[in-house]
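If you want the building blocks of each chain, they are given just below.
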Amino acid sequence: MIKIKAEILCVGTELLVGEILNTNVQYISKKLADIGVDLYYQTTVGDNFKRIKECLKIAFNRVDLVITTGGLGPTMDDITKEVVADFFKEELELNEKYYDKIIERYKLRGFGEDISSGGKKEASIIKGSKLIENSIGLAPGFFFEKNNKKIIVLPGPPKELSHMIDNEVVTLLKEYSDDTLIMKTLEIKGIPKGKIDDTLKKYFLMSNPTVAPYAKEKCVHIRVAMKGSRNNIGSINIKIDKIINEIKGIYPQALEV
């Protein structure tokens, strides 16, 4: 099975200026880890055509898969799919199913069929792409591949995005990975991170499983992680638990969190 490297590209000036918390990137990251897709980078960019395109260029020079969030609505600053189409030199086409959803939503709200000029834009996807259904909102997502470069384009609202990830994207990406990443964390209080670093040095030099310390307020977290086949989850847990128990032997106050 071909392994792919991924990058998340979050689009939205509101993210850059701190107007909203970017929970989407955390959600996607966890789901990619669960199915063993290697996430190497996370990028956030404002609603600017030139800068979004530059981010795509940089991303595809270093990864195989880009997942974008945001910028799929009907307004002038919603330009993600237009940039993606331009980057791949492809055209957008109207998805009639989603345009009908927009018409129906206007009727329900008492606006009749006087659809805004951005309605068709919102309901469009790249020609020849795979539709990713959005059963909650109005903007469809899509998966497109060209020259061995893959892109998944998703809307920004967290409820829509998480539903699409769970019901569409995870299944799609399992075709490219049969792995999983399992992580367990210990919390150690009363010991400075530098001391723990000295004591557990041999563990921190390991690879798969990996062991890493993270300074927290009034404690240190030790994360033990291992990647392997989803068919061998039991074996992965055994190896992780062995390390967990060894560290508990050194620091009896350590608690799993």
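A few points on the structure. (Residues numbered from 1 in each chain as written. Predicted model: local features only at pLDDT ≥ 70, side-chain atom pairs only at ≥ 80, totals over all residues. Heavy atoms only, no water.)

### Quick notes on helix α7 (residues 158-173)
Quick reminder: α-helices carry 3.6 residues per turn. Residues three or four places apart thus point the same way. Taking 1.5 Å of rise per residue, 16 residues should cover 22 Å, yet α7 covers just 20 Å from first to last C-alpha, more than 12% shy of that figure. Largest kink in α7: about 45°, centred on isoleucine 165. Looking at α7, one finds that the buried residues are Glu160, Leu161, Ser162, Met164, Ile165, Val169, Val170, Leu172 and Leu173. Of the surrounding secondary structure, the elements contacted by the buried residues of α7 are α2 (23-34), β3 (65-69), β6 (130-132), β7 (141-146) and β8 (149-154). (Helix = DSSP H or I, 4+ residues; strand = E, 2+ residues; numbered from the N terminus. Expected span 1.5 Å × (residues − 1). Bend = angle between axes of the 7 residues up to and from the residue. Buried < 20%, exposed > 50% of the residue type's maximum accessible area, 1.4 Å probe, protein only. Contact = heavy atoms within 4.5 Å.)

### Some details on the environment of asparagine 231
In this structure, asparagine 231 sits in the loop between β11 (219-229) and α10 (233-250). You can call asparagine 231 exposed: its relative accessible area is 72%. Sequence separation between asparagine 231 and aspartate 179 is 52 residues; the distance between their C-alpha atoms is 8.2 Å.

### Some words on the pattern of salt bridges
Tallying each qualifying case throughout the model produces 14 salt bridges. Across the salt bridge formed by aspartate 34 and lysine 30, the nearest N and O atoms sit 2.7 Å from each other. Here aspartate 34 pairs with lysine 30, and both are found in helix α2, just four residues apart, close to one helical turn. Judged by relative accessible area, lysine 30 falls into the partly exposed class, the value being 43%. (Salt bridge = Lys/Arg side-chain N within 4 Å of Asp/Glu carboxyl O.)

### What to know about the packing of aromatic side chains
Counted by the stated rule, this structure contains five aromatic pairs. Note on tyrosine 40 and tyrosine 41: the rings are 6.4 Å apart at their centroids and 70° apart in plane angle, and the pair reads as edge-to-face. On the accessibility criterion, tyrosine 40 (46% relative accessible area) is partly exposed. By relative accessible area, which is 32% here, tyrosine 41 ends up partly exposed. When the centroid spacing of 5.6 Å and the interplanar angle of 25° are considered together, the rings of phenylalanine 60 and phenylalanine 87 count as stacked. Of the two residues, phenylalanine 60 sits in helix α3 (residues 49-60) while phenylalanine 87 sits in helix α4 (residues 80-88), which places them 27 residues apart along the sequence. Through a chain of ring-to-ring contacts, the aromatic side chains of Phe60, Phe87, Phe88 and Phe144 assemble into a single cluster. When the ring centre of tyrosine 41 is taken as reference, the NZ or CZ atom of arginine 62 above it lies at 3.7 Å. (Phe/Tyr/Trp six-rings, centres within 6.5 Å; stacked < 30°, edge-to-face > 60°. Lys NZ or Arg CZ within 6 Å of the ring centre and 35° of its normal.)

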